[in-house]
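The lines below spell out each chain.
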Amino acid sequence: MAKDPLVIDGFASVQAVRRAGKNKKDPHYGSSRTRLPAASAKDTPKTPAGPRGKIGHTVMPDTFEVVCYECGYTFTMRGQLRKTYCAKCRKTLVVDEQIIDSAWSGRVKTIGTVQVRDGGSLSNAHVVVGDLILDGHIEDSTVKICRRLELGSHASGDIAKIDTRDILIRRDAKVSYRSKLHCENFIVEGDFRGTIEVSGLVTVMAGAFLQGRVKAARLLLHEGGGLKATVKIAGKSKQ
Ligand SMILES: [Zn+2]
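Each chain has its residues counted from 1, following the order in which its sequence is written. A pLDDT threshold of at least 70 governs which residues receive local features in this predicted model, and a stricter bar of 80 or more applies before side-chain atom pairs are shown or counted, although totals over entire chains, interfaces and linings include all residues.

1. A closer look at the overall build of the protein chain
Just so we agree on the cut-off: Strands are runs of DSSP state E lasting at least two residues, helices are runs of H or I lasting at least four, and both sets are numbered from the N terminus onward. Residues with at least 20 neighbouring C-beta atoms inside 10 Å of their own are called buried, those with 12 or fewer are called exposed, and the rest are partly exposed, where every C-beta is derived from the backbone. For the purpose of contact definition, each residue receives a C-beta atom placed from its backbone, and two residues are in contact when these atoms lie within 7 Å.
A tally of helices and strands in the protein chain yields 0 helices and 19 strands. Sorting the 239 residues of the protein chain into buried and exposed places 37% on the buried side. Counting contacts in the protein chain only where the partners sit at least 6 residues apart, residues at least 24 apart contribute 20% of the total.

Rendered as structure tokens:
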């Protein structure tokens, strides 16, 4: 472990890639537009919800990463995602897609996506979810995200209390946050100011900007990405 943090200031145009490490758990770059297809519509034949291009299934990925909310096991599924079983613990996994655009309290448990839009809020909610797209407010809630938390410009509240594997700052989002955020992988596609502690990889995409304090195992700065931060890279992630 390095004693002194490396301070990087200004726009770097280097790729600080560390390929040696085990990359299995790293996010797939550029797949942030990927959504689990909505499984609610009963009469959807072959084409899942989402971008409906003429090119058919080459537009949509046909495999999905599913993280079991019961045992944490990660596996992939082909085709349209519906109610399924964990490949390991055999528990039934529910696929629910939910959009929240007003004040909401309650419970939801799904391997799908919950989206809290601008103007929406979670309070006294208990959420276990595959992905959470948060562009609203959150307070007094327990949230466990098996895959990824995506933050938009209007995300506010107890974000630091959210238990999530990965965090993504959405493209065009400007997020500034005071409390330290913890996760396994942190991906910046927009603009983020704050303090992060990441056990795996921090990725700054082209056109993105990361400012603040960064502690991570690895850092990948894409050409055209900006970084102005106190950076401490610990090397290999702990197993
Ligand atoms: Zn399981």
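2. Describing the pairing of strand E9 (residues 121-134)
Note the threshold: At least two bridges found by DSSP between two strands are what make those strands a pair.
Buried residues dominate E9, accounting for 11 of its 14 residues. Pairing of strand E7 (residues 103-109) with E9 involves 6 bridges; the strand directions are parallel. Residue pairing for E9: Arg 107 is matched across the bridge by His 126. Across 3 bridges, E9 lies against strand E10 (residues 137-139) in parallel orientation.

3. A few points about the environment of Lys 228
Positionally, Lys 228 belongs in strand E19 (residues 226-233). With 16 C-beta atoms counted inside 10 Å, the residue Lys 228 sits in the partly exposed group. Sequence-wise, Lys 228 and Arg 193 are 35 residues apart; in three dimensions their C-alpha atoms are separated by 9.4 Å.

4. Remarks on the confidence of the model for the protein chain
The test is simple: A residue's pLDDT is the confidence the predictor assigns to it, expressed on a 0 to 100 scale.
For the protein chain, per-residue confidence averages 80 on the pLDDT scale, and residues scoring 70 or more make up 72% of the total. Note on residues 1-59: pLDDT under 50 across the span, and 75 contacts to partners over four residues away in sequence or across chains.

5. Thoughts on unusual backbone geometry
Positive phi outside glycine occurs at Arg 90, with the angle close to 65°. As for its position among the elements, Arg 90 is in the loop between strand E4 (84-85) and strand E5 (92-93). Arg 90 sits in the exposed class, given 11 other C-beta atoms within 10 Å. We note that Asp 172 has phi near 70°; this positive angle belongs to a residue other than glycine. Looking at where Asp 172 falls in the secondary structure, it is placed in the loop between strand E13 (163-169) and strand E14 (174-176).

6. Focus on the nonpolar core
It is characteristic of soluble globular proteins that their nonpolar side chains tend to be buried jointly. Let me state the cut-off plainly: As used here, a nonpolar core is made of buried Ala, Val, Leu, Ile, Met, Phe, Trp, Tyr and Cys residues. They are joined through C-beta atoms within 7 Å.
Ranked by size, the top nonpolar core spans 56 residues in total, and within it Leu 132 and Val 188 carry the most contacts. The element that contributes the greatest number of residues to this core is E9, accounting for 8 residues. Once you skip the residues sitting within four places of it in the chain, Val 188 turns out to touch Ile 169, Thr 203, Val 204, Met 205, Ala 208 and Leu 210.

7. Thoughts on the pairing of strand E3 (residues 74-78)
Here strand E2 (residues 63-67) pairs with E3 via 5 bridges, running antiparallel. Looking across to E3, one finds that Glu 65 is bridged to Thr 76. Hairpin connection from E2 to E3: 6 residues lie between these consecutive antiparallel strands, with Gly 72 at a positive phi of about 85°.

8. Remarks on the environment of Ala 155
Relative to the helices and strands, Ala 155 resides in the loop between strand E11 (142-151) and strand E12 (156-157). Counting along the chain gives 34 residues from Ala 155 to Ser 121, while the straight-line C-alpha distance between them is 9.4 Å. If we ignore the near neighbours within four places in the chain, the residues touching Ala 155 are Leu 134, Asp 135 and Val 175.

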